[in-house]
Amino acid sequence: MNQTPKISVLMGIYNEKRKNAKAAIDSVLKQTFTDFEFLICDDGSDPAFYEWLKKYCKKDKRIRLIRQRENKGLAAALNRCFVYASGNLIARMDADDICVRTRFEKQEAFLRKHSEYAMVGCNVYLVAGSKVWGERRMEEVPKESSFLKTSAFVHPAVMIRREVMKTLSGYREQKRFLRVEDYDFFMRMYAAGYRGYNLQEPLLFYREEAVAKQTYRCRVNECLVRLHGFWNMGILRGNLRYVGKPLAVGLLPDWVIREVHVKRYAIHRKMGKQGDDAK
């Protein structure tokens, strides 16, 4: 009889570049903490990509590949993975990011020692193409007001206690939560009385271009998520200006958004090529 793994890693994937998918999957398999299962849900990718993915996933018995024949979005893919998850800890991972080798080891150790926290995230390196261009340093102990400007956690960098995800019924899959399912989840978690923590070191190479232009529909979705999230956390009063922030930002020219983003997160020191710290 197989022993239940300590961690269940959840990944949704959809027609990802094979180079990126290989790097993401391999960075999970090379973790120093090895007691995990790796659940990957193909979210309706093209047949050619799925056939390649199916073959690639055979390289390690810890991987379980699940398939949705129709593209339903990340929330649905992650919820599908969670149905099969058996670990007491749930680690998130995206199909185009790279874990530092000690990520699971450090996050598992933190949650084991700190029962007062429901989730742990971390700082992340920001990647565009094959270049590490920035570092996002997250607030160490986020509070409700930390969500006013943006999400207080980087979604693919978190590890969550299983019972918390179960209590919150996972991610909400309706179209109005498209691209903001993580923001919604984290605020619901805080509204329910749970708290999270961010380790103050980068444990993930996070693929984020200097400008990630959102569609108008996604910006409206974020405004609605902010409205309900702030209300449920009791921080809406006096903070209505933050509800409409996504729409206001969307009116700015690309170059302005780019300049602000680079100024905020750019790192001006020499680093090895992307993934060096993950080996």
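Each chain carries its own residue numbering, running from 1 in the written order of its sequence. Reporting of local features is limited, given that this is a predicted model, to residues whose pLDDT is at least 70; pairs of side-chain atoms are given and counted only at 80 or more, and all residues count toward the totals for whole chains, interfaces and linings. Note that water and hydrogens are dropped before the side-chain values are worked out from all heavy atoms of the structure.

Novice: What should I look at first to understand the overall build of the protein in this one?
Specialist: The secondary structure listing takes helices from DSSP runs of H or I that are at least 4 residues long and strands from runs of E that are at least 2 residues long, numbered from the N terminus. In terms of helices and strands, the protein carries ten helices and nine strands. The dimensions of the protein, computed from C-alpha atoms along their principal axes, are 55 × 40 × 40 Å. In this scheme, a residue with accessible area under 20% of its type's maximum is buried, one over 50% is exposed, and one in between is partly exposed, where area comes from a 1.4 Å probe on protein chains only. In the protein, which comprises 279 residues, the proportion classed as buried is 55%. Every residue pair with non-hydrogen atoms within 4.5 Å of one another is taken to be in contact. Once local pairs closer than 6 in sequence are excluded, the contacts in the protein between residues at least 24 apart make up 80%.

Novice: Is there a simple way to explain the side chain of Arg136 in this structure?
Specialist: Inspection of the secondary structure puts Arg136 in strand β7 (residues 131–136). According to the relative accessible area criterion, Arg136 is buried, its value standing at 16%. Those residues within four positions of Arg136 in sequence are excluded, and the remaining contacts are Asn123, Val124, Leu126, Val154, Glu208, His261 and Tyr265.

Novice: Got a minute to help me understand the packing of helix α6 (residues 181–191) against helix α7 (residues 216–233) in this structure?
Specialist: When two helices pack together, their arrangement is captured by the angle between the axes and the distance separating the axes. Axis definition: a line fitted to C-alpha atoms, limited for helices to the stretch in contact. Angles are taken between N-to-C directions and run from 0 to 180 degrees. At a closest axis distance of 9 Å, the pairing of α6 and α7 adopts a crossing angle of 5 degrees. Between α6 and α7, the angle is such that the two are roughly parallel. Judged by residue contacts, Tyr183, Asp184, Met187, Tyr190 and Ala191 of α6 engage Glu222, Val225, Arg226, Gly229, Phe230, Asn232 and Met233 from α7. Ten residues, namely Ala, Val, Leu, Ile, Met, Phe, Trp, Tyr, Cys and Pro, are considered nonpolar, four, namely Asp, Glu, Lys and Arg, are considered charged, and the remaining ones, Gly among them, are considered polar. Residues that form the contact of α6 with α7 fall into these classes: seven nonpolar, two polar and three charged. For classification, angles of less than 35 degrees are called roughly parallel, those exceeding 145 degrees roughly antiparallel, those between 65 and 115 degrees roughly perpendicular, and all remaining angles oblique.

Novice: Mind showing me how you'd approach the pattern of salt bridges here?
Specialist: If the charged atoms of two oppositely charged side chains come close together, the side chains can form a pair. The salt bridge criterion pairs a side-chain nitrogen of Lys or Arg with a carboxyl oxygen of Asp or Glu, the two atoms within 4 Å. Counted under the stated rule, the structure contains 14 salt bridges. The residue Asp94 makes a salt bridge to Arg92 at a minimum N-O spacing of 2.5 Å. One salt bridge connects Asp184 with Arg172, and the closest N-O pair in it is separated by 2.7 Å. Here Asp184, found in helix α6, pairs with Arg172, found in the loop between α5 (162–167) and α6; they are twelve residues apart in sequence, far enough to count as distant.

Novice: Help me understand unusual backbone geometry, please; the structure alone is not making it clear to me.
Specialist: Peptide bonds are trans in most cases, and residues, glycine excluded, mostly fall at negative phi. Phi at Asn15 is positive, roughly 45 degrees, even though this residue is not glycine. Looking at the element boundaries, Asn15 is found in the loop between β1 (7–13) and α1 (18–29). A residue is classified by how much of its surface remains accessible, and Asn15, at 29% relative accessible area, is partly exposed. The phi dihedral of Arg179 is positive, around 70 degrees, even though this residue is not glycine. Turning to its location among the elements, Arg179 is positioned in the loop between α5 and α6.

Novice: What is the right way to read the nonpolar core from this model?
Specialist: Taken as a class, soluble globular proteins show a tendency for nonpolar side chains to be buried jointly. One finds Ile7, Val9, Ile25, Phe38 and Phe104 to be the most contacted residues of the largest nonpolar core, which totals 50 residues. Excluding its chain neighbours within four sequence positions, the residues that come into contact with Ile25 are Met11, Phe38, Ile40, Leu53, Tyr56 and Ile63. Ranked by size, the runner-up nonpolar core spans 38 residues in total, among them Ile66, Leu78, Leu148 and Met187. Take the buried residues of types Ala, Val, Leu, Ile, Met, Phe, Trp, Tyr and Cys, join any two whose side-chain atoms come within 4.5 Å, and each joined set is a nonpolar core.

Novice: Just checking my understanding: could you explain helix α3 (residues 74–84) for this structure?
Specialist: Helical geometry: 3.6 residues make up each α-helical turn, so side chains three or four residues apart lie on a common side. The complete set of buried residues in α3 reads Ala75, Ala76, Ala77, Leu78, Asn79, Cys81 and Phe82. Each element contacted by the buried residues of α3 is listed here: β1, β2 (36–43), β3 (63–68), β4 (89–92), α5 and α6.

Novice: What should I look at first to understand the packing of aromatic side chains in this one?
Specialist: Given two aromatic rings, one states the distance between the centres and the angle between the planes to describe the pair. The pairing test for Phe, Tyr and Trp rings, Trp by its six-membered ring, is centres within 6.5 Å, and the orientation test on the planes gives stacked under 30 degrees, edge-to-face over 60, and tilted for anything in between. Enumeration over the complete set of coordinates arrives at 14 aromatic pairs. Geometry around Tyr50 places Arg67 over its ring, the cationic atom sitting 4.1 Å from the centre. Placement of a charge over a ring requires the Lys NZ or Arg CZ to be within 6 Å of the ring centre, with the centre-to-atom vector within 35 degrees of the ring normal.

Novice: Please clarify how α1 should be interpreted in this entry.
Specialist: Taking 1.5 Å per residue, twelve residues should reach 16 Å; α1 reaches 16 Å between its end C-alpha atoms and fits that length. Those residues of α1 that sit buried are Asn20, Ala21, Ala24, Ile25, Asp26, Ser27, Val28 and Leu29. The span one expects for a helix is its residue count, reduced by one, times 1.5 Å.

Novice: Is there a simple way to explain the packing of α1 against helix α2 (residues 47–56) in this structure?
Specialist: Axis separation between α1 and α2 bottoms out at 12 Å; the angle between their running directions is 30 degrees. By the angle class used here, α1 and α2 are roughly parallel. Two packed elements cross with a definite hand, and for α1 against α2 that hand is right-handed. Contacts between α1 and α2 involve Arg18, Ala21, Lys22, Ile25 and Asp26 on the former and, on the latter, Ala48, Phe49, Trp52, Leu53 and Tyr56. Partitioning the contact of α1 with α2 into residue classes produces seven nonpolar, no polar and three charged. By convention, the crossing between two helices is left-handed when the near helix turns anticlockwise from the far helix through less than a right angle, and right-handed when the turn is clockwise.

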